[in-house]
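Geometric and topological summary
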Amino acid sequence: MIFQTKKKIIEDFVVHNKKLIENNNKQNDKIFLIEFNGWSAIHIIFSYLVYYYKSKKNCKIVAYECYELLNRTNVPWYKKIFWDLGILLNIKTFKIFKSFGTDKFLKPSYSYNQIKKANITTNKFFQKKISHTHLENFKIDDIWIGDLIYDSYLKKFQQGTINLSSPEFRFFFQESLKLFYFWKDFFKKNKVEAIAGCHSVYLTGIPLRIANKKNINCFAISGYNCDLVNLRGNISYNKRINGSDIQFKFYKNFLKNLSFKNKKKIQQKGKDIIKKIISGKKKYLYLKDSSFNKKKIKIKRSKKNKIKVAIFVHDFIDSPHIYGNHFFPDFQKWLEFLNQMIKKTDYEWFVKEHPSSSEITTEKIKYLLKENKKIKLIKKNFPNNKLKDLGINFVLTVFGTVASELPIYDIKVINASKNQPHADFNFSINPKNFFEYKNLILNLKKNNFKVDKNQLYSFHYLKEIFSKNHLFFYNQEKYFNFLDNKPLRFTPTVYKYWLDDFNLKKHKQILNNLEKFIKDENYFYSIKKYLQ
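This report concerns the structure included in the present document. The structure presented is a predicted model; accordingly, all values stated were derived computationally and were not measured.

The subject of this paragraph is helix H18 (residues 493-501). When we look at burial in H18, the residues that qualify are Thr493, Val494, Tyr495, Lys496, Tyr497 and Trp498. Its buried side turned inward, H18 meets helix H1 (6-20), helix H2 (40-55), helix H4 (92-99), helix H17 (476-479), strand S14 (482-483) and helix H19 (504-520).

Here it is, written out as structure tokens:
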């Protein structure tokens, strides 16, 4: 239990930062950009990045606002002055950012030319008949931002898909372009040495995409455990990979460097990991409760001698393009397609809601159940380890973690994307394109896929070590769990844990490792120690 008040914890963190910061009067005209945000864990990470770029590169530190367009409601005019007051009075988050070396705060405002360009580009885009695929693939000045606009609209307006002809969407599209042109001009007029953002998805990813195009180091926070990655050179429009949370793209090469003996070792370790997951003893940090447990549940198994298929629904507004583009532009379009497949097949169909479903996701599932009587609902708190008892043969997901869990029960999981964590492994089914995906679903009776359990075990070990390989937070269970139903990373309690664990030896080690990571220009911090 934390007895210190929130105010006291924040003040201690501010004092701590001021003690560590080096006064540097040798600033040049280079700028290091950091995204202004309220996430306590990210403040710790940014404080070290600032330390490096201020002391090693003599950069001016500019914290920028990039979230206002994502607010679900329009910000009242009088609240806009809070930004200036916060800076002037040195309060709340502004005080924290100043404590670790921020020199200036920047809030985008648009010039006449930026507004004019946004209007022209918007009119040009909507002149032609557009599709959802056109939108997610949209590029401007050879910089891909369509997926960012797409996911941001869904999140802001709490929608499952986009009505492309709505005035609301057209206005949002135009506002997004204003933001793009603002940042395009900023990078043109200023010497940006590097940038660090929180999200590489949503509109917050726009300045990161521009930095990547200019071959500038562009850092982002990846995953629930706030891993630091460098997007530079890892965004591919041709492959429709956006660089977000793509550590899995490096798993296969990692395996190639291991001897046969070490491969067997990691398979055994991976087997132990997945056993803990399916027993409920181990859970993912982003879940408050495990999706597996050993509670006794009365299960009424259907006696119908039919193939049983379960759809694991994603949360509609939670960044459908998290890893890049998929066979469907959003989760609602995916579900609408599956609804048509249900009507064309003689399988027994089930649908399971995501544990963290938004209201719109729940509504769409209710509509699906009402519209199609062939589907049965599996409640979201139904443990995944009981699915075999229901007789489930196949599970459908776009890129969900179930693809790396349920194969342990020999349940065949079919993914709806090439850009997903399981694509390089043979424990789930990975169609190459939409047409192959559709053909698979229509012909499940002919499917003879066999789960490769050794690859499944290897995957779980790799996922574990890539997650543990953190530049800053060594004990992730401590820093990224839940406190009173709220993720710790959002709370000042993280500051207290950090200060309790702090020592100069650890501090210097982090600085040395961070400098090496920045100079190496790799996507993630080196994991060479795991090859030994």
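So that's the structure; there's more coming.
Moving on, we come to the nonpolar core. With 114 residues, the main nonpolar core has Leu33, Ile145, Ile149, Trp183, Ile311, Leu396 and Tyr437 as its most contacted residues. Looking at this core element by element, the count peaks at 11 residues for helix H8 (residues 167-189).

Both faces of the sheet carry side chains from a regular strand, because those side chains alternate between them. Of the two faces of strand S12 (residues 394-397), the one holding Phe394 and Leu396 and the one holding Val395 and Thr397 are both buried throughout. Sheet analysis places strand S9 (residues 308-312) next to S12, joined by 3 bridges and oriented parallel. When the bridges of S12 are listed, alanine 310 appears paired with valine 395. Taken together, the 4 bridges between S12 and strand S13 (residues 412-415) define a ladder with parallel strand orientation. Its bridge partner lying in S13, valine 395 is registered against valine 413.

Our focus in this paragraph is the sheet that holds strand S3 (residues 104-106). As summarised here, the arrangement of the 6 strands in space is S3-S2-S1-S6-S7-S8, forming an open sheet in which the pairing is mixed. Edge positions in the sheet fall to S3 and strand S8 (227-230), since each has one partner strand and no second. In this sheet, adjacent strand axes meet at a mean angle of 25 degrees when their direction is disregarded. Of the pairings in the sheet, the one linking strand S6 (residues 191-197) to strand S7 (residues 217-222) comprises 4 bridges and is parallel in character. Within S7, the position partnered with isoleucine 195 by the bridge is cysteine 218. Strands strand S1 (30-35), strand S2 (60-64) and S3 of the sheet are contacted by H4, whose axis makes an angle of about 130 degrees with S3.

Moving on, we come to the environment of aspartate 12. Within the secondary structure, aspartate 12 sits in helix H1. Residue aspartate 12 is classed as partly exposed on the basis of its relative accessible area of 27%.

Read across the open sheet, the 5 strands follow the order S11-S10-S9-S12-S13; overall the sheet is parallel. Because the sheet does not close on itself, it has two edges, and the strands there are strand S11 (375-378) and S13. Averaged over all pairs of adjacent strands, the angle between strand axes in this sheet comes to 25 degrees, irrespective of strand direction. Where strand S10 (residues 348-352) meets S11, 4 bridges bridge the pair, whose relative direction is parallel. By the bridge assignment for S11, tryptophan 349 is matched with isoleucine 375. Each of S10 and S11 is contacted by helix H13 (residues 359-371), which is oriented at about 145 degrees to S11, the strand it contacts most. Its contacts with the sheet put helix H15 (residues 434-442) on S10, S12 and S13, and the angle it makes with S13 is roughly 150 degrees.

Conventions used here
- Residues numbered from 1 in each chain as written.
- Predicted model: local features only at pLDDT ≥ 70, side-chain atom pairs only at ≥ 80, totals over all residues.
- Heavy atoms only, no water.
- Buried < 20%, exposed > 50% of the residue type's maximum accessible area, 1.4 Å probe, protein only.
- Helix = DSSP H or I, 4+ residues; strand = E, 2+ residues; numbered from the N terminus.
- Contact = heavy atoms within 4.5 Å.
- Core = buried A, V, L, I, M, F, W, Y, C linked by side-chain atoms within 4.5 Å.
- Pairing = 2+ DSSP bridges.
- Axes fitted to C-alpha atoms, helices over the stretch in contact; angles between N-to-C directions.

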